[in-house]
Amino acid sequence: MSARPDATATAAATAVVAEAVETVATESADPCCAAPLPVLGRDVTVPLVTGGEVTYAALDYAASAPALQRVWDDVAAYAPYYGSVHRGAGYLSQLSTDLFENSRATVAEFLDCRPGDQVVFTRSTTDSLNLLAAALPAGCEVFVFETEHHASLLPWGSPHAPGRRGSDARVTYLDAPRTPARAVETLERALADRDPYGPALVCVTGASNVTGELWPVKELAAAAHAHGARIVLDAAQLAPHHPVSVADLDVDWVAFSGHKLYAPFGSGVLAGRADWLQDSQPYLAGGGASRKVARRADGGVDVEWHTTAARHEAGSPNVIGVYAIASACKALTEAGFDALVARERHLIDTVRAGLAEVPEVRVLSLFGDDAPRVGVISFVVEGWNSSHFAAALSAEYGIGVRDGLFCAHPLVRTLLGSDPRDPGECGAPEAAPGERSLNAIRVSFGAGTPDEHVERFVRAVKELVRDGARWKYRTEDGRCVPDRG
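Read on for an overview of the structure. (Residues numbered from 1 in each chain as written. Predicted model: local features only at pLDDT ≥ 70, side-chain atom pairs only at ≥ 80, totals over all residues. Heavy atoms only, no water.)

1. Digging into unusual backbone geometry
Stage number 1. A positive phi angle is found at Asp-112, which is not glycine, with a value near 55°.
Stage number 2. Mapped onto the elements, Asp-112 comes out in the loop between helix H3 (91-110) and strand S4 (118-122).
Stage number 3. Accessibility expressed as a relative area gives 37% for Asp-112, which makes it partly exposed.
Stage number 4. The backbone phi angle of Asp-250 is positive, close to 60°, even though this residue is not glycine.
Stage number 5. As for its placement among the helices and strands, Asp-250 is situated in the loop between helix H8 (246-249) and strand S9 (253-257).
Stage number 6. Look at Asp-250 and you get partly exposed, because its relative accessible area is 37%. (Helix = DSSP H or I, 4+ residues; strand = E, 2+ residues; numbered from the N terminus. Buried < 20%, exposed > 50% of the residue type's maximum accessible area, 1.4 Å probe, protein only.)

2. Some points on the sheet that holds strand S8 (residues 230-234)
Stage number 1. Pairing in this open sheet of 7 strands is mixed, and the strands run S4-S10-S9-S8-S7-S5-S6 from one edge to the other. At either end of the open sheet lies a strand with only one pairing partner, and these are S4 and strand S6 (170-174). Here the average twist between neighbouring strands, direction ignored, is 20°.
Stage number 2. Pairing of strand S5 (residues 141-145) with S6 involves 5 bridges; the strand directions are parallel. (Pairing = 2+ DSSP bridges. Axes fitted to C-alpha atoms, helices over the stretch in contact; angles between N-to-C directions.)

3. Thoughts on helix H4 (residues 125-134)
Stage number 1. A large share of H4 lies buried, amounting to 8 of its 10 residues.
Stage number 2. For H4, the complete set of buried residues consists of Thr-125, Asp-127, Ser-128, Leu-129, Leu-131, Leu-132, Ala-133 and Ala-134.

4. Examining the packing of aromatic side chains
Stage number 1. Following the criterion strictly, the structure yields 12 aromatic pairs and no others.
Stage number 2. Between Phe-379 and Phe-457, the aromatic rings sit 6.0 Å apart at their centres with planes inclined by 65°, giving edge-to-face as the arrangement. A residue pair is termed long-range when its members are at least 10 positions apart, and Phe-379 in strand S14 (residues 376-381) and Phe-457 in helix H14 (residues 451-467) qualify at 78 residues.
Stage number 3. Overall, the relative accessible area of 0% leaves Phe-457 in the buried class.
Stage number 4. A network of ring pairs unites the aromatic residues Phe-379, Trp-384, Phe-389 and Phe-457 as a single cluster.
Stage number 5. Over the ring of Tyr-397 we find Arg-470, and its NZ or CZ is 5.2 Å from the ring centre. (Phe/Tyr/Trp six-rings, centres within 6.5 Å; stacked < 30°, edge-to-face > 60°. Lys NZ or Arg CZ within 6 Å of the ring centre and 35° of its normal.)

5. A few points about H3
Stage number 1. The terminal C-alpha atoms of H3, which comprises 20 residues, lie 28 Å apart, in line with the 28 Å expected from a rise of 1.5 Å per residue.
Stage number 2. Taking burial as the measure, the 20 residues of H3 include 14 buried ones, the bulk of the element.
Stage number 3. Phi turns positive one or two residues past the end of H3, at Asp-112, with a value near 55°. (Expected span 1.5 Å × (residues − 1).)

6. Considering the packing of helix H6 (residues 180-192) against helix H7 (residues 217-226)
Stage number 1. Direction vectors running N to C along H6 and H7 enclose 15°, while the axes themselves pass 10 Å from each other. As judged from the angle between their axes, H6 and H7 are roughly parallel. Note that H6 runs across H7; the crossing there is right-handed. Contacts between H6 and H7 involve Ala-183, Val-184, Leu-187, Glu-188 and Leu-191 from the former and Glu-219, Leu-220, Ala-223 and Ala-224 from the latter. (Parallel < 35°, antiparallel > 145°, perpendicular 65-115°, else oblique. Left-handed = near helix turned anticlockwise from the far one by under 90°. Contact = heavy atoms within 4.5 Å.)

Written as structure tokens, this is what we have:
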């Protein structure tokens, strides 16, 4: 059985860490930060190829958001008390176990989980969805839009997915819808043609990692349930920007990553219904997932697996990563999503208005200009290779964005008017500077972004389009980089 601290030890130990957290937070507080939630790296300077230095503008939140200062402070305060969880009788092990399980409760509260839902800690959104794919019941049908990130597009039955096991899922890929209503209609038509007695799963994103547009999750969940299917929400891009309520959206599972939620250290979450998870084989076999292991007379081994979330958490868990996620959940909740969403809309409006003033810029969109969205915007610039443009933003203005297909190849190629079946490589330019490229540029931001960063970005786009790059660039190892020769 797992060693757990008694009530007195728990209260005392938690108080010790809480006091340490308060001390570290007080010492590192930065009241001058322009963003509502201070992040690490906000004062980092980077060199410019044209000379001098500038404060780095991190505008690649959709890939990995910078860690919140609050999260870093919490982790720093806990680090001296770090110990292995569920395994030890010592004080630090008991404290770590308590913080680990309290973190599970914090995440469940953050997601507004239902009674009976399980919160399983994983490595990432990708890991969470692969875990669920491995838990699908026999004969399950999976329905997924081609607009998904590869993390939610590929795990379900792709013959190219390494390590696929225990699933004979039949996958139906749905065409990209051009309105939220069309998304619901497309799903309803597809579900109406399925076997009504077999298990089925719908996978959908909450906010696109390419366009930032919000998807009609609640309506899609209602359509799925009306046809006897279940639904999993990829909330990797949604959870850092908007509240996610499992109960209100009526989704069966939700997955997200800590590194997009301002929490470093590589942890993720799969939360939702317990039955398919309990009925499947453990995602990984090993210590922690097993309750009892005994040798048989014939020389084999009998195993009794846990029925709790531990069933899919074999091995020593990433305690610090889990605690970082819980800290981020608390920070976002305490800051208030109403205020965070309102300010992010201001940043979105600033970027979109600025880009609209440049005729050469085309913003990518599925649902149109009026669609609600999070702080993720992708675009192309007429006459520019996207990698060249992104390289110039970085080298000449100290602005970090992303270029490529954003691990959503079918969607980006559809938006750019190419065949979505065409091959491509994440982030790799397909043409030399100045030549046509099918890649796009993505700018993304969030609660740690000061106004100056997006204002500098808009100014840089206008200057680059008007005046061109001030430096020469070349292709090196598949990337466009400043020519320093």
